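# A closer look at the structure
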Amino acid sequence: MALNQTLSVQRLDDPAPDSPIIEISHLQKVFAQRKKAPLEAVTDFSLDVRRGEVLGLIGPSGCGKTTILRMVAGLDSPSSGSIVVDGKEVTGPGPERAMVFQDFALLPWQSALENVVFGMAATKLSREERVARARAELARVGLSGFEDHLPKALSGGMKQRVGLARALAVNPTVLLLDEPFGALDAQTKTLLQDDMSATLQEEGCTTLLVTHDMSEAVYLCDRIVVLTNRPARISQAFSIDIPRPRGERFRSTPEFTELVDQVWQELKAHVTLSNSQAVVEG
Amino acid sequence: MSSSIRTAWVAFATFLLLLAGWWGVAAIAPSSYLPTPLAIFERLVYFVVEGGLLDDLVSTMINIAAGFFIAAALGIASGLIMGVSRLGRDTIGFFVDVFQSAPSAALVPIIVVILGFGREAMITIVVIFCYFIIAVSTAAGARSIESGLHDMSATFGASRWLFFRKVLVPGSMPMIIVGLRLAMARAFNGGILAELLISIRGFGGKMMYFGGAFDFASLYALIAVALVLTFASMAVISLVGRQLIRWT
């Protein structure tokens with residue numbers, strides 16, 4: 001059956017064939033809580049991401065997947081374990097990693113152009129070069145003519161395009177996407193996923209996508225890692241051996257539906273568990 | 001009709017109603033402490049034509065303006081520090097919280113001993129009247145900046161200076177303007193009170209004089225002038241402020 005070739009369940013200790021660009025080993029994150037037992041968000045999480053790979057982290061909400069992404073970004077530091085990106089241990093944010101935020105994180109008082117320029121703060125480019133590159137990136141995400149608009153004058157989808165332009169403008173080795181379409185309506189989301197798929201192909205940058213949307217993960221990723229309920233561990237990893245970009249028609253193929261179902265079957269147990277836990281805790 | 005115009009009309013109508021009520025009471029039961037609005041208006045015209053008030057007014061306004069700007073500089077600076085730094089909050093923040101409720105007028109003798117009876121003392125009193133509200137609202141504004149913008153600035157490697165200019169100051173601006181507006185009202189209070197308490201001069205001195213002479217029509221005229229100037233100054237801050245936060 002064709003499906004078995006496209007969807008292969010990996011052994012977790014399987015070494016990645018190419019040289020990994022992100023090496024996460026035995027990552028653990030414990031949050032101290034006032035007057036409460038410490039909260040273990042991530043436990044013994046190890047993962048290698050190949051150069052150019054689009055890897056999806058999917059898990060029940062609140063499972064700790066965003067915490068993992070934040071640690072790769074250098075916004076949170078691991079309690080133990082290590083993250084190595086491009087041969088260097090992560091100790092804080094760095095210019096080789098750029099992030100796209102769920103709530104866009106645009107400066108409301110700055111134009112679309114200036115928001116993209118702000119992202120290049122750590123680069124050595126001159127002001128003119130920054131502006132030129134920001135214009136080019138905005139054009140690429142389809143926002144020519146909106147350079148001078150304030151975020152409040154842009155739709156949600158347009159705001160996230162600015163967020164993507166800002167991240168791409170720094171030519172990152174690793175692109176970190178934190179539920180980038182989570183705040184958008186279904187139609188906008190579909191359009192942006194198509195664009196994102198094309199952009200990721202063009203850029204070829206290694207991408208870590210945190211999402212709770214199974215079809216989004218199947219549509220965009222080379223590999224999907226399903227996480228357990230908190231503390232996050234790897235439950236299962238799926239390889240999707242279909243060349244990218246997959247094109248919007250991919251969504252209406254039986255293959256796609258089957259893949260989404262496979263991921264859901266794996267995820268379901270953890271989501272159910274997480275909900276019953278929430279009831280007990282709440 | 002826009003809602004701000006509607007507000008202005010309703011406020012004006014209420015004013016006219018109160019004025020009519022006052023006039024009615026003053027006409028039916030005349031008394032020295034309740035002169036008719038017309039009598040007050042006549043005094044006002046007299047002051048304007050005669051011009052005797054202008055020097056005192058300018059002198060007082062200088063104190064108010066100087067005190068206000070010094071308090072704005074100090075308040076915004078310390079408010080931003082309290083807003084972004086834990087240490088700042090624990091050090092400055094604590095004293096701001098404690099001293100903002102201290103009875104400012106009670107400090108007047110101490111200020112006089114240190115600075116004498118001159119302008120310095122009066123400006124200092126204006127500063128004390130204005131500072132706290134500016135510092136407290138600025139700090140609240142700085143703390144209101146979304147954590148997402150802090151994360152964003154960190155991931156893209158913004159320097160402290162860039163963060164200050166492009167994130168902290170604009171993000172705090174709406175609350176800074178609120179603070180300045182409230183402080184402006186307090187500046188007029190402080191400026192006039194300083195003259196009443198320290199030395200009988202300036203605009204406050206004139207108020208003291210007419211009050212002592214039981215010339216209440218003149219006193220009310222001066223109070224009206226102070227109110228109009230306060231309101232106008234606050235309106236200027238609102239107008240300028242609205243230009244600064246057009247992104248909201």
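For the structure itself, look to the data block above.
Just so you know, these numbers come straight off a predicted model, no measurement behind them.

### Quick notes on the nonpolar core
With 127 residues, the main nonpolar core has Phe45, Leu47, Leu57, Leu175, Val218, Ile224 and Leu227 of chain A as its most contacted residues. Looking at this core element by element, the count peaks at 12 residues for helix 8 (residues 160–197) of chain B. Mapped onto the domain boundaries, this core takes at least three residues apiece from domain 1 (2–19 + 50–75 + 173–281) and domain 2 (106–171) of chain A. Core analysis: the second largest hydrophobic core is formed by 14 residues, Phe47, Met207, Leu219 and Val225 of chain B among them.

### Side note on the packing of aromatic side chains
All chains considered together, the criterion is met by 15 aromatic pairs over all chains. Pairing phenylalanine 68 of chain B with phenylalanine 69 of chain B gives two aromatic rings, centres 5.6 Å apart and planes at 75 degrees, and the pair type is edge-to-face. Its relative accessible area of 6% is what places phenylalanine 68 of chain B among the buried residues. Taken together through their ring pairs, the aromatic side chains of Tyr46, Phe47, Tyr209 and Phe210 of chain B make up a single cluster. Here the guanidinium or amino end of arginine 251 of chain A rests over the ring plane of tyrosine 219 of chain A, the centre of that ring lying 3.9 Å away. The aromatic ring of phenylalanine 47 of chain B is capped on one face by arginine 43 of chain B, whose charged end is 5.4 Å from the ring centroid.

### Digging into the interface of chain B and chain A
Often the size quoted for an interface is simply the accessible area lost on bringing the parts together. Contact with chain B, which involves 19 residues of that partner, is made by 26 residues of chain A. Surface buried jointly by chain B and chain A totals about 1,800 Å² across both partners, of which 71% is contributed by carbon and sulfur atoms. The three residues of chain B that bury the most area against chain A are Thr155, Phe156 and Trp247 of chain B, which together make up 40% of that side's buried surface. Applying the counting criterion to the chain B and chain A interface returns one salt bridge. Put simply, aspartate 151 of chain B and arginine 70 of chain A hold a salt bridge, and the shortest N to O gap is 2.7 Å. Looking at the side of chain B that touches chain A, the elements that each hand over two or more residues are helix 7 (147–155) and helix 8 of chain B. Ranked by residues supplied to the side of chain B that touches chain A, first place goes to helix 7 of chain B with seven residues. Of the residues belonging to the side of chain B that touches chain A, the class tally is nine nonpolar, six polar and four charged.

### Looking at the packing of helix 5 (residues 108–115) of chain B against helix 6 (residues 119–143) of chain B
Residue and element names in this part refer to chain B. Contact geometry of helix 5 with helix 6 gives a least axis separation of 9 Å together with a crossing angle of 140 degrees. Overall, the two elements helix 5 and helix 6 adopt an arrangement that is oblique. The interaxial crossing formed by helix 5 with helix 6 has right-handed handedness. Contact with helix 5, carried on its side by Val108, Ile111 and Leu115, involves Glu120, Ala121, Thr124, Ile125 and Ile128 of helix 6 and no other residues of that element.

### Description of the environment of valine 112 of chain B
Residues and elements named next belong to chain B. By the secondary structure assignment, valine 112 is in helix 5. Take valine 112: its relative accessible area is 14%, and that puts it in the buried class. For the pair valine 112 and isoleucine 125, spaced 13 residues apart in the sequence, the C-alpha separation amounts to 10.0 Å. Ignoring anything within four residues of it in the chain, the contact list for valine 112 reads Phe117 and Ile198.

### Quick notes on the sheet that holds strand 2 (residues 20–31) of chain A
All names here are of chain A. Strand order in this open sheet of four strands is 3-2-5-6, and the pairing throughout is antiparallel. The open sheet has two edge strands, strand 3 (39–50) and strand 6 (88–89), and neither has a second partner. One ladder, built from eight bridges, connects strand 2 with strand 3; its direction is antiparallel. What sits directly across from glutamate 23, in strand 3, is aspartate 48. On the sheet, helix 2 (residues 65–73) packs against strand 2, strand 3 and strand 5 (80–85) and is oriented at approximately 120 degrees with respect to strand 2.

So, how was this worked out
Residues numbered from 1 in each chain as written. Chains lettered and ligands numbered in written order. Predicted model: local features only at pLDDT ≥ 70, side-chain atom pairs only at ≥ 80, totals over all residues. Heavy atoms only, no water. Core = buried A, V, L, I, M, F, W, Y, C linked by side-chain atoms within 4.5 Å. Buried < 20%, exposed > 50% of the residue type's maximum accessible area, 1.4 Å probe, protein only. Helix = DSSP H or I, 4+ residues; strand = E, 2+ residues; numbered from the N terminus. Domains from an automatic or database assignment. Phe/Tyr/Trp six-rings, centres within 6.5 Å; stacked < 30°, edge-to-face > 60°. Lys NZ or Arg CZ within 6 Å of the ring centre and 35° of its normal. Contact = heavy atoms within 4.5 Å. Buried area = accessible area lost by both parts, 1.4 Å probe. Salt bridge = Lys/Arg side-chain N within 4 Å of Asp/Glu carboxyl O. Nonpolar A, V, L, I, M, F, W, Y, C, P; charged D, E, K, R; others polar. Axes fitted to C-alpha atoms, helices over the stretch in contact; angles between N-to-C directions. Parallel < 35°, antiparallel > 145°, perpendicular 65-115°, else oblique. Left-handed = near helix turned anticlockwise from the far one by under 90°. Pairing = 2+ DSSP bridges.

By themselves, these figures tell us nothing about what the structure is for.
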